[in-house]
Amino acid sequence: MDDRKDNCQEKGGTAPLAPPGNGPGLSRRDFLRGSGAAAAATALAEAPIPEAEAQETKKADKAVGIGPGSVKLTLTVNDTKMTASVEPRVTLLDALRNYLDVTGCKRVCDRGTCGACTVMVDGNPIYSCTMLALEAEGKKIRTAESLVDGGKLDAVPAAFVACDAQQCGFCTPGFVVATGPCSTRTPRRRPPRSSEDWPGTSAVAAPTSRCAVPSSNWSSRVPANPNPQRSDPWQ
Amino acid sequence: MAVKWPSKRRLLGTRVSRIDGADKATGKARYSFDINLPGILHAVMLRSPVPHARIKAIDTSDAEKVRGFKAIHQIRKVGDEVYFAGDEVLAIAADTEEHAQDCLRAVKIEYDPQPFLVRESDALNKDLNTVSPFGPKKDRTNVQRPITATSEGFDEAAKGVEVTVEGTYGLPPISHQCLESHGLVAQWTDDGGLTVYASTQAVFGTAMALSAHFNAQGIDLPATKVKCITHHMGGGYGSKFGPDIQGIAAAELARKAKAPVKLMLNRADEVMVGGNRPGAYGKVRIGGKKDGTITAFESDTHGSPGIGRGGTVGPMPYVYPFTAKTKHVPIRLNFGSARAMRAPGHPQSCYFTDCALDDFAAAIGMDPMQVRLKNLPKDDPAAKVKDPQSLPAIRGTLYQQQIEIAAKLSGWKDKWHPPGKGKGTGPIKHGIGMALHTWGGQASPQRNDAKVIIASDGSVTARSSTQDLGTAQRTVTAMVVAEVLGLEVKDVLVQIGESPFGTSSGSGGSTTCPSQAPATLQAATAARDELFSKVAMKLGAKPEDLEILVGRVRDKAADKTYTWKQVCARLGTATAEGTGAWTFAESARPANAGISKFGVCGVQVAEVSVDTETGVVRVKQMVAVQDCGMLINKLGCESQVAGGVIMGLNYGLFEELIIDRNTGRVVNADMEFYKLGGIQDMPRIIVHMMDMPERGVIGIGEPPTISTHAAIANAIFNAIGVRVPQTPFSPDRVLAALSKGGK
């Protein structure tokens, strides 16, 4: 507890509350800077492990530990090297969300069924809840966050927006990530218009949506190969 | 203030993509589940593994020694009872989620098992008094007193029937399966305040409830010091009002640990305790004349709200004004409590009524669409005089129109055939079926505030504490403001989902749009008027001569126009602001006629194919005809209807919450054995929205999900000629019905 208090004081008080805007109220940098001491134990890029964290680890050693302790993890997420200290049992999904503050991949079923956590690992769609974070070291990870560049939307999320192929939107980033390679790798095939057209084995057969508007709106309105000038943005 | 919707609509009624769509699609939108704060702790809940027990001992000493332990919040103490598998016992916060789970595993609890019941038939056979005590008499009975109603002249009507049909129908309980689970992130502030990022359908109500909770504990927490933030919300469907037990636990843990705490339910917990739509089973007898006139309806149903209370069906009979005698028995059982789910009670009532109607039609050899037309409620002449836009005044005509549109869009005339008598001799049979629904969708009785601020640089902000559950409410607000001020949707910054922004009601009963849109109309109109009064002199004009054009303001007297920015610049250092407040009472005032209303109809037609060898049902096409008064965002409405239809399709084909009779546990508290359809299961969906601007705004969230599974049930009946009585229409149920010949 004391460590955290010190850390807060170092920062000059507690974290700011959300500004009146609709933003999350905290930048990723704020989060990473502030969370070194306790839970998340994250740090940007090659930053050394802060003193406070080292103390916390020492103290924690006296407590009853279950399973092996934390190890240093370096992941390349959306072309940025990110480091965190995680236990080997932590999944890629939880490492991204809880330790690196990359939250576009959502946790819904947490056991490889729903697809809300889909990310690209070395160009292939993976349910990030089914992969350990340590397994992803040295691999290129891309999430839905990478599909917007300086305000310009990639064609796939742009089509989701134009077709209103989302409502609550909680499944959408996973859908978008799964859709990318589907539409760019088979450029000549148009997306399915209904169950009739759909072989049921493709990347987007699995994602589960509670309202399934992606299935109705997306399948009928998203153009095939929305981005023909790019061969495969995921590689 | 008296306002009116513009007679000529520029943006309202058009299709506009939701303004937060890009943020959602690229993961930039932060849901409560996505909130990370410096030093955040993770909490998990320990739940009873048994369906009914008395707690003999709780030992948390080992758990407190586990690596990362920070705080514990005990919900139940020794001697207390737990009433279902999943009932909350305690919550623990630790530095990481993994450590919190380790802590949980180290807690030792001894349970003294008590008798339990999870099956309605078992309870009806023998009541064991296994549920939580209720009321002054501490009633613990499982089988509750029946709810009965008999319309005047029922006995006579029942005597006069020529044909009677009796059927047994059933719907199992199903889970809300919100993709973002229930929960919140709680953070206490230095000034003794509490900020929560909650996944809730009631931003303002959640803040109030948290304040009330702590005040009741003797901890001073003024309502003004609680801030609830919900910028984006991952589905609620009626199950997310208020902080809930886990939300209070998170706030308590955050207080004890002096650090922010995140507590979001895991998937199993979400299915067990996040609410369920109760099931309903029972018999319906329907009788009438050979010409298709139905004169008597009798139902005897029962259903379980789990450990909760109340009946599990809505109005019976549904839609049609049959002379009726109804009986419903609620049965309390040892599983999670039912919660409101998208038109609570209506899908059940619709299923019982519309399936029975089709069975009657088959018995007299008539097209069920004709039977429907024959038995529709009539327009009420008295209502036509008193309130011509009210539902009783128009519903007969409206249903008739909608049935005609649905029949045309679905090709009913060509596709309908007597049940089981379709063309072709192969194993795959085709069928078509119809069902009707209704809903309210009025403004909330609670006040809804809205505020619009025009700055001197021409920027416009619209603010309210209301929430956007995925309904595109944020976009609705932007559209209303842009319409009034002659701007584009992108020009309006919408700030919603923060409790300090004023009073707002929870998003239940499809009340948000009919509450918020009028309040926003008032606020935008007032802001416009204040702008005019503040700048008129500087423009050398009279305020009443100024009018809004697209992107411009015109001085009618001088026939001069200015750009929006030129006009706003005259505000100097000031702003022009307007507020609005809307309630149901406000909407009922004669001066406010045409602003918001309630009462909608809806007709859906399903087309299915049934493989009589495998029992597999595929829905080929759904036609949904829906009204909701004046359309604001046509695209948003269409998405709501398509989403509702798909939810209803899932009710019909896939969903069932299965509770094991021997252990009392939910055996499919997950997403692999709790089935939801994927893209490959989805039909072609044709949505037809009726725009009725003269009625004003009416909510749309709930109605389109009501009649889908009844339409599918009737389409299956039409395909194979036998009734599959119970949802979901899984292959085994279809084959069983075929082998029994529907008896």
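About the criteria used
Residues numbered from 1 in each chain as written. Chains lettered and ligands numbered in written order. Predicted model: local features only at pLDDT ≥ 70, side-chain atom pairs only at ≥ 80, totals over all residues. Helix = DSSP H or I, 4+ residues; strand = E, 2+ residues; numbered from the N terminus. Rg over C-alpha atoms; globule rule 2.2 N^0.38 Å. Buried ≥ 20, exposed ≤ 12 C-beta atoms within 10 Å, placed from the backbone. Contact = placed C-beta atoms within 7 Å. Domains from an automatic or database assignment. Pairing = 2+ DSSP bridges. Axes fitted to C-alpha atoms, helices over the stretch in contact; angles between N-to-C directions. pLDDT = per-residue confidence, 0-100. Parallel < 35°, antiparallel > 145°, perpendicular 65-115°, else oblique. Left-handed = near helix turned anticlockwise from the far one by under 90°. Nonpolar A, V, L, I, M, F, W, Y, C, P; charged D, E, K, R; others polar. Expected span 1.5 Å × (residues − 1). Bend = angle between axes of the 7 residues up to and from the residue.

Brief notes about the overall build of chain B
- Helix and strand content of chain B: 19 helices and 28 strands.
- A globule of 743 residues ought to have a C-alpha radius of gyration of about 27 Å, and chain B, at 28 Å, matches this closely.
- Dimensions of chain B, computed from C-alpha atoms along their principal axes, come out at roughly 85 × 70 × 50 Å.
- Evaluated residue by residue, chain B yields a buried proportion of 61% over its 743 residues.
- In chain B, 79% of the contacts between residues at least 6 apart in sequence involve partners at least 24 apart.

Focus: the overall build of chain A
- In terms of helices and strands, chain A carries seven helices and eight strands.
- Counting across all 235 residues of chain A, residues that qualify as buried make up 53%.
- The contacts of chain A with a sequence gap of at least 6 include a subset with a gap of at least 24, amounting to 60%.

Focus on the domain arrangement of chain B
- When its domains are assigned, chain B resolves into domain 1 (53–114), domain 2 (182–264), domain 3 (276–442 + 597–740) and domain 4 (443–592).
- The distance between the C-alpha centroids of domain 2 of chain B and domain 3 of chain B comes to 37 Å.

A few points about the sheet that holds strand β5 (residues 88–94) of chain B
Residues and elements named next belong to chain B.
- Across the sheet, which stays open at both edges, the seven strands sit in the order β3-β5-β1-β13-β10-β11-β12 with mixed pairing between neighbours. A strand with exactly one partner marks an edge of an open sheet, and here the two such strands are β3 (69–74) and β12 (226–229). Looking at each pair of strands side by side, their axes are set apart by 20° on average, direction ignored.
- As paired elements, strand β1 (residues 41–47) and strand β13 (residues 261–264) share two bridges and run parallel to each other. Pairing of Leu-41 across the sheet is with Val-261, part of β13.
- Its contacts with the sheet put helix α5 (residues 203–216) on β11 (194–198) and β12, and the angle it makes with β12 is roughly 145°.
- Its contacts with the sheet place helix α6 (residues 244–257) against β1, β3, β5, β10 (183–188), β11 and β13, and it is angled at close to 25° to β10.

A word on the sheet that holds strand β23 (residues 552–555) of chain B
Residues and elements named next belong to chain B.
- Here we have three strands laid out as an open sheet, ordered β22-β23-β24, and antiparallel in their pairing. Both edges of this open sheet fall to β22 (546–549) and β24 (560–563), since each of them pairs with a single strand only. With strand direction ignored, the average angle separating the axes of adjacent strands in the sheet is 30°.

Some remarks on the confidence of the model for chain B
- Residues at a pLDDT of 70 or more form 100% of chain B, whose mean pLDDT is 97.
- As a predicted assembly, this complex carries a pTM of 0.91 together with an ipTM value of 0.95.

Remarks on the packing of helix α8 (residues 346–363) of chain B against helix α9 (residues 368–375) of chain B
Residue and element names in this part refer to chain B.
- Where α8 meets α9, the closest approach of the two axes is 9 Å, and the angle between their N-to-C directions is 115°. Relative to α9, α8 is oriented roughly perpendicular. For the pair α8 and α9, the crossing hand works out as right-handed. From α8, Leu-357, Asp-358, Phe-360 and Ala-361 reach across to α9, where they touch Pro-368, Val-371 and Arg-372.
- The residue makeup of the contact of α8 with α9, split by class, is five nonpolar, no polar and two charged.

What to know about the pairing of strand β19 (residues 448–454) of chain B
All names here are of chain B.
- For β19, the buried fraction is high: six of the seven residues fall into the buried class.
- Where β19 lies against strand β20 (residues 460–463), four bridges are found, and the strand directions are antiparallel. Paired with Ile-453 across the bridge in β20 is Thr-461.
- Taking the residues between adjacent antiparallel strands as the criterion, β19 and β20 are bridged by five residues, where Gly-458 takes a positive phi near 90°.

Some thoughts on helix α14 (residues 512–539) of chain B
Residues and elements named next belong to chain B.
- Taking 1.5 Å per residue, 28 residues should reach 40 Å; α14 reaches 39 Å between its end C-alpha atoms and fits that length.
- The principal kink in α14, of about 30°, is found at Ser-533.
- With respect to burial, α14 is a largely interior element, 21 of its 28 residues being buried.
- In the segment just after α14, Gly-540 is the residue with positive phi, at about 70°.

Some remarks on unusual backbone geometry
- The amide bond that connects Met-316 of chain B to the next residue, Pro-317 of chain B, takes the cis arrangement and shows omega of -10°.
- Locating Pro-317 of chain B in the fold gives a position in the loop between β16 (294–303) and β17 (323–330).
- Positive phi values are uncommon outside glycine, yet Asp-101 of chain A reaches one of about 60°.
- Positive phi outside glycine occurs at Asp-110 of chain A, with the angle close to 65°.

A few points about the environment of Leu-653 of chain B
Residue and element names in this part refer to chain B.
- The residue Leu-653 is located in helix α17 (residues 634–653) in this model.
- Accessibility expressed as a C-beta count within 10 Å gives 23 for Leu-653, which makes it buried.
- Note: C-alpha distance between Leu-653 and Ser-730 (77 residues apart in sequence) is 6.2 Å.
- Excluding anything up to four places from it in sequence, Leu-653 contacts Val-617, Gly-677, Pro-728 and Phe-729.

A closer look at the confidence of the model for chain A
All names here are of chain A.
- On average, chain A scores 68 in pLDDT, and the residues at 70 or more come to 52%.
- A low-confidence stretch, residues 186–203 stays under pLDDT 50, and its non-local contacts, those more than four residues away or across chains, total 32 contacts.
- Taken together, the stretch residues 218–235 has pLDDT below 50 and engages in 43 contacts with residues farther than four places along the chain or on a different chain.

Comments concerning the environment of Gly-79 of chain B
Residue and element names in this part refer to chain B.
- Within the fold, Gly-79 resides in the loop between β3 and β4 (81–82).
- According to the C-beta neighbour criterion, Gly-79 is exposed, with 9 such atoms within 10 Å.
- Separated by 526 residues in sequence, Gly-79 and Val-605 have C-alpha atoms that sit 54 Å apart.
- Discounting chain neighbours no more than four positions away, the residues touching Gly-79 are Arg-54 and Ile-55.

Observations concerning helix α18 (residues 708–720) of chain B
- Across its 13 residues, α18 of chain B extends 19 Å between first and last C-alpha, which sits within 8% of the 18 Å expected from 1.5 Å per residue.
- Burial analysis of α18 of chain B places 13 of its 13 residues in the buried class, which makes it a mostly covered element.

Looking at the packing of α8 of chain B against α18 of chain B
All names here are of chain B.
- Remark: α8 packs on α18, axes separated minimally by 8 Å, with the N-to-C direction vectors making an angle of 25°. With respect to α18, the element α8 is oriented roughly parallel. The handedness of the crossing between α8 and α18 comes out as right-handed. Seen from α8, the contacting residues are Pro-347, Cys-350, Tyr-351, Asp-354, Cys-355 and Asp-358; seen from α18, they are His-709, Ala-710, Ala-713, Asn-714 and Phe-717.
- Residues belonging to the contact of α8 with α18 are distributed by class as follows: seven nonpolar, two polar and two charged.

Here we look at the environment of Lys-740 of chain B
All names here are of chain B.
- Position of Lys-740 relative to the elements: it lies in helix α19 (residues 731–740).
- Judged by the 11 C-beta atoms lying within 10 Å of it, Lys-740 falls in the exposed class.
- Separated by 314 residues in sequence, Lys-740 and Gly-426 place their C-alpha atoms 20 Å apart.

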